Amino acid sequence: MDLFEYMRNANSEKESPLAARMRPRTLDEIVGQQHIVGKDKLLYRAIKADKLSSLILYGPPGTGKTTLAKVIAGATSSEFMQINATVAGKKEMEAVTDKAKELAGMYGKRTILFIDEIHRFNKGQQDYLLPFVEDGTIILIGATTENPYFEVNGALISRSMIFELRPLSIDDIKELISRALKDTDRGLGAYEADITDEALEGLADISGGDARHALNAIELAVMTTDKSSDGKIHITLPIIEECIQKRVVRFDKTGDNHYDTISAFIKSMRGSDPDAALYYLAKMLYAGEDVKFIARRIMICASEDVGNADPQALVVAVAAAQAVERIGMPESNLILAQAVTYVATAPKSNAACGIFDALDTVKATGSLPIPTHLQDAHYKGAAKLGHGVGYKYAHDYPNDYVKQQYLPYELDGKEFYKPKGNGYEAKIKEHMARIKKEAKDADM
């Protein structure tokens, strides 16, 4: 590196956005993701021991995928190379693999290849890497915002460890903002700026777990705010809202307002009010609620409050949950809205809650004996014990139904599932009543 290149690199680093300048340089500087980089975790130990195998880092933007890759680069004795799948082609990949083979052959040195946005590679490009990953010429670190099980070659997946990075918590974001405001070397410490608790909480909340978004916002706030009479820059909530062009919604994901909002959301779907349900959905989305959490609540409501009154409600809810994971935001707004309005307008029944009565009965009565005629007759010695004897095969009878004892005899006549008269469940109720009546009439 000559003097001019050194100066270019130095100036580039100094002029980089705050999020790039504040990027952690060591494992101990990483905020959040302790489920994978905590000191007792496999990835932490592997990085410290410089014994990495290929891995895929999967998570939403701003959660530290590139940061973690760069920390690995600083901690490893291996050659570290980086390409971006959005711009890299066959020529760049061949150059990397040729260099890796040369280093391995001449110096016995491993090569770690970091591929950002690896899901952008087509199948042919991913297949090209496979033999080099398989024989150890390259240790692959892929980063993706998409579910790797859908977007990355199955052969690469099978040879890699998958680590899911989660959105940073509000406390994690607050720590990063405070660290940036105090750091005089890489951060904004020289500007003598402070931030009110309200503004700090609001910015951390609205960032939706995205560290880059939060740091870009605080940098803009500091750089565009004049100093006060005391010579300091004071960042308030109105300044934050102006910088991010978004009003901070009072929606604490860990407090009462969170539970009140999700409660109103579920009760609106249960109460067949699609307008209210969409409003509370919008409130949660605007405040940065985890879309997977929202999707889970819709699925639960589809079973608990709709059930067999419209069996398609659960199908729609599950499909929406899967689509949300594959597509991401902001398009998932529409997917969630479709599922919410379907569940809200579907006929309602909570008859599936009969499971709780069944559980209470099992708890109270213990393991009651199964009627002998229902027991398995195929294993050795079963016939001698009379198991299966007297069982009536339902399909041999009209309507594919025959009355016989299915519940334990001690629970004869007990009802757990009580279909209601709404939607498809009305047909279920009518069907069950009809076949039982016809079977009874046939016995008379």
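Residues numbered from 1 in each chain as written. Predicted model: local features only at pLDDT ≥ 70, side-chain atom pairs only at ≥ 80, totals over all residues. Heavy atoms only, no water.

1. Concerning the packing of helix α16 (residues 291-306) against helix α17 (residues 312-327)
What describes two packed helices is the angle between their axes and the distance between those same axes. One can describe the packing of α16 onto α17 by two numbers: an axis separation of 8 Å at closest approach and a directional angle of 170°. Judged on the interaxial angle alone, α17 and α16 are roughly antiparallel. On α17, the residues that touch V291, K292, A295, I298, M299, A302, S303 and V306 of α16 are A313, L314, A317, V318, A321, V324 and E325. Here the residues of the contact of α16 with α17 are counted per class, giving 12 nonpolar, 1 polar and 2 charged. (Axes fitted to C-alpha atoms, helices over the stretch in contact; angles between N-to-C directions. Helix = DSSP H or I, 4+ residues; strand = E, 2+ residues; numbered from the N terminus. Parallel < 35°, antiparallel > 145°, perpendicular 65-115°, else oblique. Contact = heavy atoms within 4.5 Å. Nonpolar A, V, L, I, M, F, W, Y, C, P; charged D, E, K, R; others polar.)

2. Thoughts on a nonpolar patch on the surface
A cluster of nonpolar side chains, I355, F356 and L359, forms an exposed patch at the surface whose accessible area comes to about 310 Å². Following the sequence through the fold, L359 ends up in helix α19 (residues 354-365). Classification of L359 by relative accessible area gives partly exposed; the value is 48%. (Patch = residues over 30% accessible without salt bridge, like charges linked within 9 Å, V, L, I, M, F, W, Y side chains within 5 Å. Areas by Shrake-Rupley, 256 points an atom, 1.4 Å probe, with all protein chains shown as cover. Salt bridge = Lys/Arg side-chain N within 4 Å of Asp/Glu carboxyl O. Buried < 20%, exposed > 50% of the residue type's maximum accessible area, 1.4 Å probe, protein only.)

3. Description of the sheet that holds strand β2 (residues 79-84)
On the basis of which strands lie adjacent, the open sheet formed by 5 strands has the order β2-β3-β4-β1-β5 and parallel pairing. Only two strands of the sheet have a single partner each, and these edge strands are β2 and β5 (161-164). Between one strand axis and the next, the sheet turns by 15° as a mean value, whatever way the strands run. When strand β1 (residues 55-58) meets β5, the two strands line up parallel, connected through 4 bridges. Each bridged residue has a counterpart across the sheet, and for L55 the counterpart in β5 is M161. With respect to the sheet, helix α6 (residues 90-107) is in contact with β2, β3 (111-116) and β4 (138-144), its orientation differing from that of β2 by roughly 170°. (Pairing = 2+ DSSP bridges.)

4. Focus on the nonpolar core
Nonpolar side chains in soluble globular proteins generally cluster together in the buried interior. Counting residues in hydrophobic clusters, the biggest one holds 33 residues, and the most contacted among them are I177, L181, I195, I218, V222, I235 and I240. Breaking this core down by element, the ones donating at least two residues are α2 (18-21), α10 (170-182), β6 (193-195), α11 (197-206), α12 (211-223), β7 (233-235) and α13 (237-244). A total of 7 residues in this core trace back to one element, the largest contributor, which is α12. In contact with I195, not counting residues within four places along its chain, are L181, L200, I218, I235 and I240. Grouped together as the second largest cluster of nonpolar side chains are 29 residues, I266, A313, V343 and A344 included. (Core = buried A, V, L, I, M, F, W, Y, C linked by side-chain atoms within 4.5 Å.)

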